[in-house]
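Each chain, letter by letter, is given below.
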Amino acid sequence: MKNIYSTFKHKRKLISIILFSCFILTGCPLDGDNGKVGTDGTDGIDGIDGIDGVDGINCWDINSNRTNDPEEDINSDGTWNTDDCTTQTKVTQNPSVEFNHQHICEAFANLGQYPEGCPSTSHTKPAGELKQITGMLQDGTGNKAFSCNYPPNNGSLSVEERNGQFHWVLEGSFIANTQVITFEDELDEDLGNSCLDICKSDPDCVASLALSRQPVGNIVYDCHIFHSSDTVDPLERFCSNLIDDCILSSGVLLAAQRWGLTCP
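So, here is what we can say about the structure in this document. In this text, all values refer to a predicted model and were calculated from it rather than measured experimentally.

### Comments concerning the environment of Asn241
Alright, step 1. Summarising the element assignment, Asn241 is placed in the loop between strand 9 (235-240) and helix 5 (243-247).
Alright, step 2. The partly exposed category is assigned to Asn241, whose relative accessible area is 46%.
Alright, step 3. For the pair Asn241 and Asn163, spaced 78 residues apart in sequence, the C-alpha to C-alpha distance is 9.9 Å.
Alright, step 4. Ignoring any residue separated from it by four or fewer positions in sequence, one finds Asn241 in contact with Gly164, Gln165 and Phe166.
Alright, step 5. Engagement of the side chain of Asn241 in a polar contact is seen with the side chain of Gln165, the distance being 3.5 Å.

See the structure below:
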């Protein structure tokens, strides 16, 4: 009897503990409230800078060897800078013959119709000798220069001021032919292939102009051959903002803008 009572007493105690535990669990939430967000930590130390990239190629360094080569000094002033990067502007035809080359005009003339604006049927070719122009002669005003000699023995090429800039002015001539020649052909006189040499081989040529430009690879020259006409307007082309660039032997005449001309 005693053992039965002890067993019952033990079970009742166990039931009481279980009921009390259930009461505690149901009366309190399982998760507590979230705490406040903490303060941001201190930024870490910056990483080490990366290695600098390779410097770019200068615009005048046409062979990308990072060396100032003599042929890259386009204006031959002894300094390699952005002045040597300027692409020569295209020479435009005289307005009166821009779309009328001589052979087209003369083809119409053979049909009895010589179009207005074409170079004249008569061509008074100036007498004299074809020479390379290596310098020009100032008139004393600082605004104009002559070729070959002072008036009245000057050539048909002059330098004249236009709105603060200086332009080539070629009288009585039009572009009859244009071709591309190499850097070596233009500057190596011994080869006999310069723009002036091409002009000398043409019996109607009165002037030549070799303009350097820089396509991918090597410097080349556009060689313009001029024939004479009694009616066309003067050809004008920008030379430089400084008259000295146009008239001195160390300026554009040496390498960038090379004129050949019939001098009296």
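### Overview of the pairing of strand 4 (residues 157-162)
Alright, step 1. Judged from the three bridges that link them, strand 3 (residues 144-146) and strand 4 form a sheet pairing that is antiparallel. Residue pairing in the sheet places Lys144 in a bridge with Glu160 of strand 4.
Alright, step 2. Where strand 4 meets strand 5 (residues 165-170), six bridges bridge the pair, whose relative direction is antiparallel. Counted as the bridge partner of Arg162 is Gln165 from strand 5.
Alright, step 3. Connecting the antiparallel pair strand 4 and strand 5 is a turn made up of two residues, with Asn163 showing a positive phi of about 55°.

### Let's talk about the sheet that holds strand 5
Alright, step 1. As summarised here, the arrangement of the five strands in space is 2-3-4-5-9, forming an open sheet in which the pairing is antiparallel. Two strands bound the open sheet, and with one partner strand each, they are strand 2 (137-138) and strand 9.
Alright, step 2. As paired elements, strand 2 and strand 3 share two bridges and run antiparallel to each other. In the strand pairing of strand 3, Gln138 is matched with Ala145.

### Details of the sheet that holds strand 6 (residues 173-182)
Alright, step 1. Reading across the sheet, the five strands line up as 1-10-7-8-6 and stay open at both edges, with antiparallel pairing between neighbours. Only two strands of the sheet have a single partner each, and these edge strands are strand 1 (129-132) and strand 6. On average, adjacent strands in this sheet sit at an angle of 20° to one another, irrespective of strand direction.
Alright, step 2. With eight bridges connecting them, strand 7 (residues 205-213) and strand 8 (residues 220-228) associate as antiparallel partners. When the sheet's bridge partners are listed, Cys205 is paired in strand 8 with His227.

### Examining the pattern of salt bridges
Alright, step 1. Considering all chains together, one arrives at five salt bridges under this definition.
Alright, step 2. The salt bridge partner of Asp222 is Arg213, with a shortest N-O separation of 2.8 Å.
Alright, step 3. One connected set of salt bridges, linked through shared partners, spans Lys144, Glu160, Arg162 and Glu236.

### Comments concerning the packing of aromatic side chains
Alright, step 1. Evaluation of the coordinates by the stated rule reveals two aromatic pairs.
Alright, step 2. Residues Phe226 and Trp259 carry aromatic rings whose centres are separated by 5.9 Å and whose planes lie at 25° to one another, so their mutual orientation is stacked. Separated by 33 residues along the polypeptide, Phe226 in strand 8 and Trp259 in strand 10 (residues 257-263) bring together distant segments of the chain.
Alright, step 3. Its relative accessible area of 0% is what places Trp259 among the buried residues.
Alright, step 4. The rings of Trp168, Phe226 and Trp259 are connected pair by pair, giving a single aromatic cluster.

What counts and what doesn't
Residues numbered from 1 in each chain as written. Predicted model: local features only at pLDDT ≥ 70, side-chain atom pairs only at ≥ 80, totals over all residues. Heavy atoms only, no water. Helix = DSSP H or I, 4+ residues; strand = E, 2+ residues; numbered from the N terminus. Buried < 20%, exposed > 50% of the residue type's maximum accessible area, 1.4 Å probe, protein only. Contact = heavy atoms within 4.5 Å. Polar contact = N/O pair within 3.5 Å; in protein donor to acceptor, adjacent residues only side chain to side chain. Pairing = 2+ DSSP bridges. Axes fitted to C-alpha atoms, helices over the stretch in contact; angles between N-to-C directions. Salt bridge = Lys/Arg side-chain N within 4 Å of Asp/Glu carboxyl O. Phe/Tyr/Trp six-rings, centres within 6.5 Å; stacked < 30°, edge-to-face > 60°.

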